[in-house]
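Structural description and commentary
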Amino acid sequence: MIEIRGVSKRFPSGKEALHNLNLTLARGTLTFLTGHSGAGKSTLLKLLLRMELATRGTVSVGGVNLARMPRRAVARYRQRIGVVFQDHLLLPDRSVFDNVGMPLVIAGYRAEDRARRVRAALSRVGLLEKEGQFPTQLSAGEQQRVGIARAVVNRPAVLLADEPTGNLDPDLSREIMGLFHLFQQVGVTVLIATHDHELLESFGDRVVELADGRVVADSLEAETDGA
Amino acid sequence: MARKSDAAADARLRLSRPAAWMLHHRLALRDTCVRLIAERFNTLLVVLTIGVALALPGLLYVGVERLASLTDRWDGTPRINVFLLGADAEADVREWEALPDVASVVYQSPEASLEELLAATGLGTAMGDVIAGFDGNPLPAVAIVTPQPEAASPARVRALAADLEQRPGVDGVQVDMEWLQRLQATLALLERLTWGLGSLLALAVVLVVGSLTRMAVAQRHDEIRVLKLVGGSDAFVLRPFLYLGLLLGLAGGVASLLLLVLALSFFGVPVAELARSYGSDFRLDGLPPAVGVFLVASGALFGWAGALFTARRQLRRIEP
């Protein structure tokens with residue numbers, strides 16, 4: 001599903017955020033991407049969201065090389081990628097319903113299908129009764145769940161999350177992780193960037209550790225080697 | 001396989017491209033209207049600014065156009081009024097008809113001139129009393145000379161007038177083309193002034209809307225980032241700003257129309273009275289529908305253009 005081959009990323013400042021990175025994520029898997037600040041986690045997510053282009057190597061999602069994607073096709077590509085941020089990035093002047101429904105408006109769904117999907121997504125994150133409220137009326141955990149509902153409402157093939165539990169307490173973090181596993185089980189490829197080690201240890205998923213833009217540990221390879 | 005059938009089912013739920021395009025436009029228009037109404041005081045100020053900027057050249061244009069229509073009614077043939085020394089020179093002036101540049105000569109006796117004066121001023125008895133105070137009719141006999149059409153150029157008319165002035169029994173000549181030429185030159189200048197002022201003020205409208213759009217983009221920076229991240233295309237994020245410029249320009253155009261109608265009514269009566277005192281039926285009031293349509297359409301166009309130039313540049317710089 002996601003193929004990263006020999007990818008390096010050097011910013012105009014000269015900083016090399018990724019160095020000859022190789023990574024494959026199969027469809028319907030959940031992978032944690034971990035490492036210290038500046039390890040290259042966010043840069044990798046930016047490459048997958050086509051916010052940045054690799055300086056060298058290829059990033060392919062669903063068989064499509066992102067570097068060859070024309071600018072006008074980027075928006076349509078992003079409609080197929082769900083994304084969750086640490087700071088939620090909700091639109092404060094729009095209701096929960098409108099926030100979650102925004103990707104569906106952009107993708108051009110009919111009003112009745114939008115309403116049905118938004119309510120299904122809100123129901124899945126346990127916020128159906130708050131659809132008329134505004135983000136400022138919600139707690140941090142609820143805002144994060146709205147962000148997740150927005151990320152999955154379009155039934156994306158890939159779900160990317162950048163520190164999705166960064167501002168949440170451990171109970172809420174586990175609850176949010178439960179949601180990600182739910183999406184993985186229905187075939188979504190999930191990649192979560194986090195440096196919450198406690199969280200990583202409580203789930204038995206694949207963990208890829210980055211340091212200075214290189215993969216320094218991959219639990220999947222360790223398992224394979226061990227076998 | 002399951003994934004493919006899901007995608008096919010999903011595609012059926014989506015609107016067709018034109019329908020989705022219409023949906024995006026409808027939502028962008030509604031969103032922009034809600035924002036403009038929410039900030040109604042600022043909106044009103046901008047609309048009035050655009051209205052005044054468009055009404056000024058509009059008023060000038062209507063005035064110039066009305067004056068130009070007055071001169072258009074003139075048949076365009078220059079005439080030379082030759083004032084004669086004697087009261088019985090009709091036979092002498094008839095000879096001028098034989099001159100190659102002369103088409104016709106009309107002799108007007110002092111009595112006929114007096115009658116015409118009384119009729120033109122409308123002062124009747126009052127003027128009659130003034131004239132009676134003189135020792136006889138003070139008005140001279142006049143020969144109204146019309147040049148041949150091929151000799152109607154200002155240079156040849158002036159040459160003919162100079163020739164006639166030299167002839168015996170002639171007291172002086174007056175070429176009635178000159179005032180008209182001056183008026184037409186003034187109108188041409190005013191017309192240029194109108195277009196020049198109009199262009200400058202149109203630029204001002206573009207800049208006002210552009211500046212407002214720039215602020216709106218800055219205010220909604222985070223929202224734009226989010227929209228781009230969840231798959232909003234450049235056109236999708238640009239659209240509300242285009243509607244912002246279009247609606248402000250349109251409302252400004254309507255405001256300019258109202259201001260112009262008010263100004264024409266305000267100045268119309270005194271201008272008509274002034275013109276009547278000169279024996280003219282010139283009127284300023286009454287706005288030609290084409291001017292109204294032009295004002296509203298140009299307001300909308302300038303607003304849209306101002307928003308387009310600014311927002312497109314600004315939005316390109318905002319990447320998620």
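Note that the coordinates shown come from a computational prediction; the quantities given were computed from them, not determined experimentally.

1. With respect to the overall build of chain A
Looking only at helices and strands, chain A has 8 helices and 10 strands in total. A compact globule built from 227 residues should have a C-alpha radius of gyration of about 17 Å, and chain A, at 17 Å, falls within 12% of that. Counting only C-alpha atoms, chain A reaches 45 × 40 × 35 Å along its principal axes. For chain A, the share of sequence-separated contacts (at least 6 apart) that also reach a separation of at least 24 residues comes to 69%. For chain A, the accessible area works out to roughly 10,000 Å², and carbon and sulfur atoms hold 48% of it. Averaging the locations of the 29 positively and 26 negatively charged side chains of chain A gives two centres separated by 12 Å.

2. Comments concerning the interface of chain A and chain B
Counting residues at the interface gives 31 residues for chain A and 29 residues for chain B. With both chains or domains summed, chain A and chain B bury close to 2,600 Å², and 53% of this area falls on carbon and sulfur atoms. When the buried area of chain A at its contact with chain B is split by residue, Arg-71, Arg-78 and Ile-106 of chain A rank highest and sum to 21% of it. Our enumeration of links across chain A and chain B arrives at 4 salt bridges. When the shortest N-O distance is used, the salt bridge between Asp-234 of chain B and Arg-71 of chain A registers 2.9 Å. Taken together, the elements giving at least two residues each to the side of chain A that touches chain B come down to helix 2 (71–78), strand 6 (81–85), helix 3 (96–107) and helix 4 (111–124) of chain A. Broken down by element, the residue count for the side of chain A that touches chain B peaks at 5 residues, all from helix 3 of chain A. Its residues assigned to classes, the side of chain A that touches chain B shows 16 nonpolar, 3 polar and 12 charged.

3. So, the domain arrangement of chain B
The domains assigned to chain B are domain 1 (27–73 + 181–316) and domain 2 (80–175). Each of domain 1 of chain B and domain 2 of chain B was reduced to a C-alpha centroid, and the two centroids are 51 Å apart.

4. Some points on the nonpolar core
One finds Ile-4, Leu-48, Val-61, Met-102 and Leu-160 of chain A together with Leu-315 of chain B to be the most contacted residues of the largest nonpolar core, which totals 75 residues. Ignoring sequence-local partners within four residues, the contact set of Ile-4 of chain A consists of Leu-21, Asn-22, Leu-23, Leu-44, Leu-48, Thr-58 and Val-59 of chain A.

5. Section: the packing of helix 5 (residues 140–152) of chain A against helix 6 (residues 170–185) of chain A
Residue and element names in this part refer to chain A. Where helix 5 meets helix 6, the axes come as close as 11 Å, and the angle between the chain directions of the two elements is 10°. For the element pair helix 5 / helix 6, the angle class is roughly parallel. On helix 6, the residues touching Gly-141, Gln-144, Arg-145, Ile-148 and Val-152 of helix 5 are Leu-172, Glu-175, Ile-176, Leu-179, Phe-180 and Phe-183. Looking at side-chain class alone, the contact of helix 5 with helix 6 contains 7 nonpolar, 2 polar and 2 charged residues.

6. Overview of the environment of Arg-158 of chain B
Residue and element names in this part refer to chain B. Tracing the backbone through its elements, the reader meets Arg-158 in helix 7 (residues 154–165). Each C-alpha atom, one on Arg-158 and one on Lys-228, is 74 Å from the other, the two residues being 70 residues apart in sequence. Dropping the residues within four chain positions of it, Arg-158 is found in contact with Glu-178 and Gln-181.

7. Here we look at the side chain of Asn-154 of chain A
All names here are of chain A. Considering the arrangement of structural elements, one finds Asn-154 in the loop between helix 5 and strand 7 (158–162). Overall, Asn-154 belongs to the buried group, its relative accessible area being 7%. When near neighbours in sequence (up to four residues on either side) are disregarded, Asn-154 contacts Gln-79, Pro-103, Leu-104, Ala-107, Tyr-109 and Arg-117.

8. Here's the deal with the sheet that holds strand 2 (residues 102–108) of chain B
Residues and elements named next belong to chain B. Spatially, the 4 strands line up as an open sheet ordered 2-3-1-4, and their pairing is antiparallel. Looking at strand neighbours, the two that pair on one side only are strand 2 and strand 4 (170–175), the edges of this open sheet. Going from strand to strand, the sheet's axes swing by 20° on average, the running direction of each strand aside. In the sheet, strand 2 pairs with strand 3 (residues 141–147) via 6 bridges, with the strands oriented antiparallel. Paired with Val-105 across the bridge in strand 3 is Val-145. In this fold helix 7 packs onto strand 1 (80–84), strand 2, strand 3 and strand 4, with an angle of close to 170° to the strand it touches most, strand 4.

9. Overview of the pairing of strand 4 (residues 56–61) of chain A
Residue and element names in this part refer to chain A. Pairing geometry for strand 1 (residues 2–10) and strand 4, over 5 bridges, is antiparallel. Note on strand 4: the bridge partner recorded for Ile-4 is Val-59. Bridging between strand 4 and strand 5 (residues 64–65) involves 2 bridges; their strand directions are antiparallel. Paired with Val-61 across the bridge in strand 5 is Val-64. Here strand 4 hands over to strand 5 after 2 residues, with Gly-62 in that stretch at a positive phi of 60°.

10. Thoughts on helix 2 of chain A
Buried within helix 2 of chain A are the following residues: Val-74, Ala-75, Tyr-77 and Arg-78 of chain A. Projected down its long axis, helix 2 of chain A shows its buried positions confined to an angular sector of 160°, all on one face. Elements in contact with the buried residues of helix 2 of chain A: helix 1 (41–48), strand 4 and strand 6 of chain A together with helix 9 (221–229) of chain B.

11. Here we look at the pattern of salt bridges
Residue and element names in this part refer to chain B. Within the structure shown, the criterion is met by 20 salt bridges over all chains. Note that Arg-156 is salt-bridged to Asp-101, the shortest N-O span being 2.9 Å. Within this pair, whereas Arg-156 is found in helix 7, its partner Asp-101 is found in the loop between helix 4 (90–94) and strand 2, the two being separated by 55 residues in sequence. Lys-228 is the partner of Asp-234 in a salt bridge, and the nearest nitrogen-oxygen pair spans 3.7 Å. We classify Asp-234 as partly exposed; its relative accessible area is 38%. Residue classification places Lys-228 among the buried residues on the basis of a relative accessible area of 3%.

12. A closer look at the environment of Leu-33 of chain A
All names here are of chain A. Mapped onto the elements, Leu-33 comes out in strand 3 (residues 30–34). Judged by its relative accessible area of 0%, Leu-33 falls in the buried class. Between the alpha carbons of Leu-33 and Val-215 there is a distance of 9.7 Å; along the sequence they are 182 residues apart. Excluding residues within four positions of it along the chain, Leu-33 makes contact with Lys-41, Leu-44, Leu-191, Ile-192, Ala-193, Thr-194, Val-208 and Leu-210.

13. Describing the environment of Pro-270 of chain B
Examined against the element boundaries, Pro-270 of chain B turns out to sit in helix 10 (residues 234–277). The partly exposed category is assigned to Pro-270 of chain B, whose relative accessible area is 44%.

14. What about the packing of helix 9 of chain B against helix 10 of chain B?
Two measures define how a pair of helices packs: the angle their axes make with one another and the distance between the axes. All names here are of chain B. At a closest axis distance of 9 Å, the pairing of helix 9 and helix 10 adopts a crossing angle of 145°. Taken as a pair, helix 9 and helix 10 cross one another with a handedness that is right-handed. Each of Ile-224, Leu-227 and Lys-228 in helix 9 lies in contact with helix 10, whose residues at this interface are Asp-234, Phe-236, Val-237 and Phe-241. Counted by class, the contact of helix 9 with helix 10 contains 5 nonpolar, no polar and 2 charged residues.

How each quantity is defined
- Residues numbered from 1 in each chain as written.
- Chains lettered and ligands numbered in written order.
- Predicted model: local features only at pLDDT ≥ 70, side-chain atom pairs only at ≥ 80, totals over all residues.
- Heavy atoms only, no water.
- Helix = DSSP H or I, 4+ residues; strand = E, 2+ residues; numbered from the N terminus.
- Rg over C-alpha atoms; globule rule 2.2 N^0.38 Å.
- Contact = heavy atoms within 4.5 Å.
- Areas by Shrake-Rupley, 256 points an atom, 1.4 Å probe, with all protein chains shown as cover.
- Lys, Arg positive; Asp, Glu negative; His and termini not counted.
- Charge placed at Lys NZ, Arg CZ, Asp CG, Glu CD.
- Buried area = accessible area lost by both parts, 1.4 Å probe.
- Salt bridge = Lys/Arg side-chain N within 4 Å of Asp/Glu carboxyl O.
- Nonpolar A, V, L, I, M, F, W, Y, C, P; charged D, E, K, R; others polar.
- Domains from an automatic or database assignment.
- Core = buried A, V, L, I, M, F, W, Y, C linked by side-chain atoms within 4.5 Å.
- Buried < 20%, exposed > 50% of the residue type's maximum accessible area, 1.4 Å probe, protein only.
- Axes fitted to C-alpha atoms, helices over the stretch in contact; angles between N-to-C directions.
- Parallel < 35°, antiparallel > 145°, perpendicular 65-115°, else oblique.
- Pairing = 2+ DSSP bridges.
- Arc of directions from axis to C-beta.
- Left-handed = near helix turned anticlockwise from the far one by under 90°.

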